[in-house]
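Here's the letter readout for the chains.
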Amino acid sequence: MNVANGEISREIGDVNLAYMLLAQKLVKQDRVAAMFRLGISSELADMLAGMSLAQILKLAASNFLLCSFRLNEHASMSAVVGEGKDTTLQQAHMAILMSARTLQMQKNTVPA
């Protein structure tokens, strides 16, 4: 591994650790709001809340980013970022998209 790759791996680990600690803090403070903000299931929220620091450190040390873009489609991202939109309008569009995604995830996980 060259120096640049080693530095990137450390930075990914730092981001993972910050993300995991923030996610756990959010879940412990307000489980429902955290599930919405993070886009995670009830089961994952319970798991995050119960993880030890050692478990978080071990998971964060991965070379893979644990967090991901929730707007993973170009059209969705473009709709939110569009030119001339003020911050309030962007936040409203983001909330609508995230709510729709949350409902879709719930619909896909509820047995018929």
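Sequence order as written defines residue numbering, which begins from 1 separately in each chain. This being a predicted model, a pLDDT of at least 70 is required before a residue's local features are given, and a value of 80 or more before pairs of side-chain atoms are given or counted; all residues contribute to the totals for chains, interfaces and linings. With hydrogens and water set aside, each side-chain value is computed from the structure's full complement of heavy atoms.

J.: Describe the overall build of the protein, with residues and values.
T.: Check the secondary structure of the protein and you find 6 helices and 0 strands. For the radius of gyration, the atom set is restricted to C-alpha positions; the globular benchmark scales as 2.2 Å times the number of residues to the power 0.38. At 17 Å, the protein has a C-alpha radius of gyration far larger than the 13 Å of a compact globule built from 112 residues. Along the longest, intermediate and shortest principal axes, the C-alpha atoms of the protein span 40 × 35 × 30 Å. Here's how the labels work: a residue is buried when its accessible area is under 20% of the maximum for its type, exposed when over 50%, partly exposed in between, all with a 1.4 Å probe on protein chains only. Looking at the protein residue by residue over its 112 residues, the buried ones come to 21%. Two residues form a contact once any of their heavy atoms are found within 4.5 Å. Counting contacts in the protein only where the partners sit at least 6 residues apart, residues at least 24 apart contribute 55% of the total. Counting from the N terminus, the helices are DSSP H or I runs at least four residues long and the strands are E runs at least two residues long.

J.: Go over the side chain of N16, please, and point to the residues and values.
T.: Locating N16 in the fold gives a position in helix α1 (residues 3-29). We call two N or O atoms a polar contact when they sit within 3.5 Å, provided that within protein one can donate a hydrogen and the other can accept it, with sequence-adjacent residues counted only if both atoms are side-chain atoms. Side-chain polar atoms of N16 contact the backbone nitrogen of L66, separated by 2.8 Å. Among residues more than four places away in sequence, those in contact with N16 are A60, S62, F64, L65, L66 and C67.

J.: If you had to explain the nonpolar core to someone new, which residues and values would you point to?
T.: In terms of nonpolar packing, the biggest core is built from 12 residues, these being M20, A23, L26, V27, A34, M35, L38, I40, A45, L48, M51 and I56. Elements supplying a minimum of two residues to this core: α1, α2 (31-38) and α3 (42-50). Sort the elements by how many residues they give to this core and α1 lands first, with 4 residues. In this structure V27 touches A34, L38, I40, A45, L48 and A49, once residues within four positions along its chain are discounted. Only buried Ala, Val, Leu, Ile, Met, Phe, Trp, Tyr and Cys residues count toward a nonpolar core, and they belong to the same one when joined by side-chain atoms within 4.5 Å.

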